[in-house]
Amino acid sequence: MVSARARNLALLGALVALLIAFPFVVRGAYPKQVAILVLLYGALGSAWNVVGGYVGRISLGHAAFFGIGAYVTMWLMTAQHITPWIGMAVGSLGAAGLALLIGWPTLRLKGHYFAMATIALGEVLRIVFNDWAFVGGASGLEAPIHVSWATLTFRSQTPYYFIALAFAVLTAGLVAFYVEGKAGYYWQAIRGDESAAASLGVDTARYKMNGLVLSAGVTGLWGGFFAVHVGFVNPDSVFDILISVQMVLVAVLGGIGSLVGPWLGALILLPLGELTRVALGGSGRGVDLLLYALVIVLITVLQPGGILALWRRHGTPRGS
Amino acid sequence: MADVLASGLLNGLVYALIAMGLALIWGIMDVINFAHGEFLMIGMYTAFWLYTLFGLDPVSTFPVAMIVLAFIGFGTYHLIIRHIMTGPPIVQILATFGLSLLLRQLAFLFFSPNYRSLPHTLVHGSLRVAGVQFGLPQAVTAAAALVAAAALFYAIYRTRWGLALLTVAEDRETASLMGVDPGRVNAQVWMVGSAAVGLAGALMTMFFYVFPGVGFNFSLLAFVAVSLGGFGSMLGAFIGGVIIGLVQSLAGFYLDPALQNAVVFGMFLLVLWLRPQGLFGRW
Amino acid sequence: MRTLLRLAVLTLVLTVTGTVAAQSTVTIGAIYPLTGSLAANGVNLKRAVQLAVDIVNNAYPELSGIPLAATEGLTNLGGAKLKAVFADSQGQPSVGESEARRLITQEHVAALMGAYQSSVTKTASRPAELQGVPFLNASSSSPSLTERGYEWFFRTGPTDDTFVADIFKFLDTITSQPTKRVAVVYENTDFGTHTADLVKQLSGSSGRDLVASISYTAGASSLSAQVQRLQAAKPDVAVFASYVSDALLFVKTMREVGYAPPLLVANDAGFSTAQFEKEDGTVAAGVISRSAWAADLGTSKPVASKVAALFEKTYGVPLDGGSSRVLQGALVLADAINRAGSTDPAAIKKALIATDLGRDQVFMPWGGVNFDRNQQNSLTRGVIVQLQNGTYHTVWPSNLASVSLQLPFRWH
């Protein structure tokens with residue numbers, strides 16, 4: 001009798017094996033590019049989910065952490081000639097540092113106020129970076145076109161894909177570790193009823209902060225990856241509120257407050273966006289975005305629990 | 001300096017008008033309408049098309065814009081909001097975000113992405129009063145904001161209808177037990193809140209350009225205004241809007257115009273960090 | 001045995017017809033912001049490419065001098081037709097880059113064009129550089145694009161360095177009013193900040209005083225603070241670097257306040273678009289702008305009027321600075337592909353480098369097309385135009401001017 005946990009791990013292993021085989025089975029740069037986007041947003045959604053789904057605070061400004069990670073990585077590469085392998089780690093720490101800085105006063109805020117504060121944070125960074133010559137201002141920072149593993153500049157999408165896959169496994173593992181552990185237990189309590197949890201002796205401030213720092217650090221790492229993948233950063237592209245919204249979208253559409261949800265959401269939403277833009281974007285009438293918007297509205301109205309809720313409802317009930 | 005304050009005040013009153021409709025919906029129903037900016041855009045386009053097709057000036061067509069938006073508010077409530085109200089707030093955020101994108105793209109499709117403006121409106125030019133210069137269209141819009149605010153406050157705090165609204169906001173179940181139909185109240189709130197932003201949009205065409213994406217920046221400032229003032233407080237939203245206008249103008253003139261919004265948002269963050277419930281918030 | 005023979009013949013036939021069929025169209029890719037805040041421009045640029053394709057593929061003998069206009073198709077490729085595939089950058093650098101990569105690897109385009117915004121052009125040209133596909137930029141004016149040392153990137157249009165220098169040369173010709181005090185109002189983007197830097201630099205070197213340098217964020221909800229600052233600085237000349245939306249708002253705001261700088265010179269972009277002309281043509285009469293193009297250039301080069309008339313007849317909107325440059329750029333690209341005689345990117349690149357078009361082979365007011373070692377067209381130039389009677393007319397250089405300058409600037 002195989003335990004559920006072992007079975008899940010086996011399934012996961014099979015999935016990872018499939019993902020590793022993917023670039024060798026599917027040829028061409030574009031499918032890999034879409035896959036990279038799915039991994040990126042699946043991971044970002046997972047990171048967001050720690051704060052949004054588990055701790056229970058809706059953040060609409062995670063682009064702040066994303067952008068810090070992107071800028072630190074790119075600046076270290078272009079101004080200091082430090083390899084992004086180190087840069088991305090530093091960027092991740094930088095984003096975590098930002099979380100530590102603004103975490104305490106911001107996490108005190110409730111519900112809507114927290115959401116608004118995160119939006120304001122993202123916007124402040126975007127506007128300030130746009131005016132800051134040290135980081136390239138409005139022109140941004142461009143990576144020199146020098147193909148090498150040190151600069152993470154490649155002709156093919158395959159190396160990027162594998163890096164993204166590795167980061168994705170890391171992200172999923174890290175999030176699962178915390179969620180399934182003590183922290184996750186306290187987060188659930190905080191989300192359920194914060195004052196009750198506090199009265200029971202849970203150090204709510206510390207655990208909320210831990211969640212935010214973890215979330216920020218992971219988001220920052222991926223910001224760095226994004227920067228080297230595109231080869232260019234500017235305030236509008238990395239501090240964009242739409243990035244924050246997309247992170248939330250994948251998590252909610254997939255099933256908020258679950259480990260698998262964001263990945264599922266990304267798997268559906270990103271290819272949808274890509275496919276509609278490729279098929280319809282060239283016409284210049286914006287029909288692809290129209291469809292995208294329609295999908296969002298329909299899913300939120302008809303199936304607020306996300307895809308996962310749909311699956312669970314139709315799936316066989318568990319033995320427990 | 002006086003000029004800077006004057007334009008800040010006028011802009012602020014415009015932001016206040018936009019914020020009040022949002023505050024009404026947010027305060028009574030606890031629903032965030034991310035499509036508020038697009039409602040503004042629709043109000044603007046209504047006035048624009050009436051001007052372009054029939055030569056009617058915004059000062060006479062704003063009631064039409066208000067009615068159009070009331071319908072749209074009603075429709076939004078019945079088709080979307082009603083179904084998601086009991087769900088988690090995040091779903092509300094996303095649904096209205098989806099709606100905002102939908103409306104923006106529909107405008108893009110039907111009205112084209114071109115920037116439009118009304119070159120010769122009835123109210124134009126500027127006035128110089130006591131050494132202070134201010135634009136007449138902005139002044140008229142600001143005056144309309146004051147009148148609308150007064151009307152809203154009176155309606156909510158001095159009439160039976162307003163009382164019904166407040167009871168629903170306080171406790172939905174008890175309200176229904178006392179004979180108030182929450183569904184009907186909700187629809188009305190959406191209609192009134194949307195009409196308010198329709199008024200703002202129509203009048204704004206006298207001094208601002210129109211295009212499908214025009215709503216976003218204004219809605220962002222409106223959200224900040226409402227949170228700054230404190231959720232659940234209409235007066236707070238009004239004052240919040242005015243403060244934003246003033247801070248934006250002062251920062252733009254004395255510090256750096258490019259950073260004016262950063263100062264607004266920074267100020268907002270500071271206020272929240274020091275006073276987590278906003279200036280006049282109930283909670 | 002017979003089946004085998006039939007199969008062989010069939011294969012041979014298919015291969016031959018396949019090859020011939022493959023030669024019958026040559027595909028280029030074009031990436032523009034077809035949605036988002038710059039969609040109006042992007043859609044217009046798409047039209048320009050489509051018209052260029054039409055000119056190449058069909059016979060337009062009246063456009064004499066323009067390569068490939070009088071004939072049908074790409075003559076050196078057996079009359080193969082040119083085809084353009086369009087992609088929406090959504091105004092975002094990462095999307096522009098993805099689309100470039102997709103067009104190269106999925107659509108197998110022979111060359112790329114794009115992308116209006118310099119930030120998107122930077123990223124969209126990266127896959128082209130990495131995969132070895134020519135990327136021709138026609139309408140981005142940021143000088144840094146041709147200073148990256150890229151081998152596959154070409155630009156046919158002028159850079160901001162040329163444009164702003166032109167503005168100052170023009171100011172030097174004005175004697176009827178002072179031009180000593182210069183103010184620059186610019187949007188906080190790559191384009192705007194670079195313009196401001198150039199204005200500062202050239203003010204200094206031409207003995208002028210920079211009395212104000214006012215920035216703003218594009219798409220601002222209010223520009224009153226900026227106008228107030230400008231007014232307070234009392235400049236003789238106000239130089240603007242804005243896109244359409246802000247240009248329209250500036251006009252409105254300044255009119256409200258009743259302030260008009262004695263000389264208003266725009267560094268193109270927003271102020272010189274057909275959009276601006278249409279919306280504010282009468283209101284902002286007197287606005288001066290540097291431009292890549294003007295409708296009256298046909299007086300010195302008849303083929304320019306013909307091309308402009310063709311564009312307006314086909315799309316119902318006049319040709320402007322952006323669409324004219326893209327149209328010309330696409331024609332230059334088509335000519336290079338033709339001279340290369342193949343769809344091999346390396347051959348096209350070689351042909352582009354060897355481009356040597358004369359004054360009469362381009363409809364733009366340029367000396368022709370010849371790429372320098374940075375692969376920037378060294379024969380390109382802009383003009384200075386003034387909005388009079390609802391359209392922009394050339395006022396500088398004197399040999400291309402069709403009207404006289406109306407100064408000082410005031411609102412109508």
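A brief report on the enclosed structure follows. Being a predicted model, the structure only gives us computed values, none of them experimental.

What counts, and where the lines are drawn
- Residues numbered from 1 in each chain as written.
- Chains lettered and ligands numbered in written order.
- Predicted model: local features only at pLDDT ≥ 70, side-chain atom pairs only at ≥ 80, totals over all residues.
- Helix = DSSP H or I, 4+ residues; strand = E, 2+ residues; numbered from the N terminus.
- Rg over C-alpha atoms; globule rule 2.2 N^0.38 Å.
- Pairing = 2+ DSSP bridges.
- Axes fitted to C-alpha atoms, helices over the stretch in contact; angles between N-to-C directions.
- Contact = placed C-beta atoms within 7 Å.
- Core = buried A, V, L, I, M, F, W, Y, C linked by C-beta atoms within 7 Å.
- Buried ≥ 20, exposed ≤ 12 C-beta atoms within 10 Å, placed from the backbone.
- Domains from an automatic or database assignment.
- Nonpolar A, V, L, I, M, F, W, Y, C, P; charged D, E, K, R; others polar.
- Parallel < 35°, antiparallel > 145°, perpendicular 65-115°, else oblique.
- Left-handed = near helix turned anticlockwise from the far one by under 90°.

### Observations concerning the overall build of chain B
Move 1: Scanning chain B from terminus to terminus reveals 11 helices and two strands.
Move 2: If you list the helices and strands of chain B from N to C, you get α-α-α-α-β-β-α-α-α-α-α-α-α.
Move 3: Relative to the globule expectation of 19 Å for 283 residues, the C-alpha radius of gyration of chain B, 18 Å, shows essentially globular dimensions.
Move 4: Principal-axis analysis of the C-alpha atoms gives chain B an extent of 55 × 50 × 35 Å.

### Brief notes about the sheet that holds strand S3 (residues 111-114) of chain C
Residues and elements named next belong to chain C.
Move 1: Sheet architecture is open: five strands sit in the order S2-S1-S3-S4-S5, paired in parallel fashion. Each having just a single partner strand, strand S2 (81-88) and strand S5 (153-155) make up the two edges of the open sheet. Here the strands of the sheet are splayed against their neighbours by 25° on average, with no regard to which way each runs.
Move 2: Pairing between strand S1 (residues 25-32) and S3: four bridges, direction parallel. The partner of Ile31 across the bridge, within S3, is Gly114.
Move 3: Its contacts with the sheet put helix H11 (residues 321-340) on S1, S2, S3 and strand S4 (135-137), and the angle it makes with S3 is roughly 170°.

### A word on the nonpolar core
Move 1: Grouped together as the largest cluster of nonpolar side chains are 349 residues, with contacts concentrated most on Met20 and Val224 of chain B.
Move 2: Mapping this core onto the domain boundaries places at least three of its residues in each of domain 1 (2-158 + 300-369) and domain 2 (161-291 + 383-396) of chain C.
Move 3: Look past the residues within four positions of Met20 of chain B in its chain and what remains in contact with it is Ala149, Leu152, Ala196, Met234, Ala237 and Phe238 of chain B.

### Some words on the interface of chain A and chain B
Move 1: Every contact between the two is made by 34 residues of chain A and, on the other side, 37 residues of chain B.
Move 2: For the side of chain A that touches chain B, the secondary structure elements donating two or more residues are helix H5 (111-130), helix H11 (241-254) and helix H13 (287-302) of chain A.
Move 3: At 11 residues, the largest contribution of residues to the side of chain A that touches chain B is made by H5 of chain A.
Move 4: Looking at the side of chain A that touches chain B residue by residue, the classes come out as 24 nonpolar, five polar and five charged.

### Quick notes on the packing of helix H2 (residues 36-54) of chain B against helix H3 (residues 58-84) of chain B
Residue and element names in this part refer to chain B.
Move 1: At a minimum axis distance of 9 Å, the contact between H2 and H3 shows a crossing angle of 135°. It follows from the interaxial angle that H2 and H3 lie oblique. The two elements H2 and H3 cross, and the hand of that crossing is right-handed. Residues Phe39, Ile42, Gly43, Thr46, Ala47, Leu50 and Tyr51 of H2 pack against Pro58, Thr61, Phe62, Val64, Ala65, Val68, Leu69 and Ile72 of H3.

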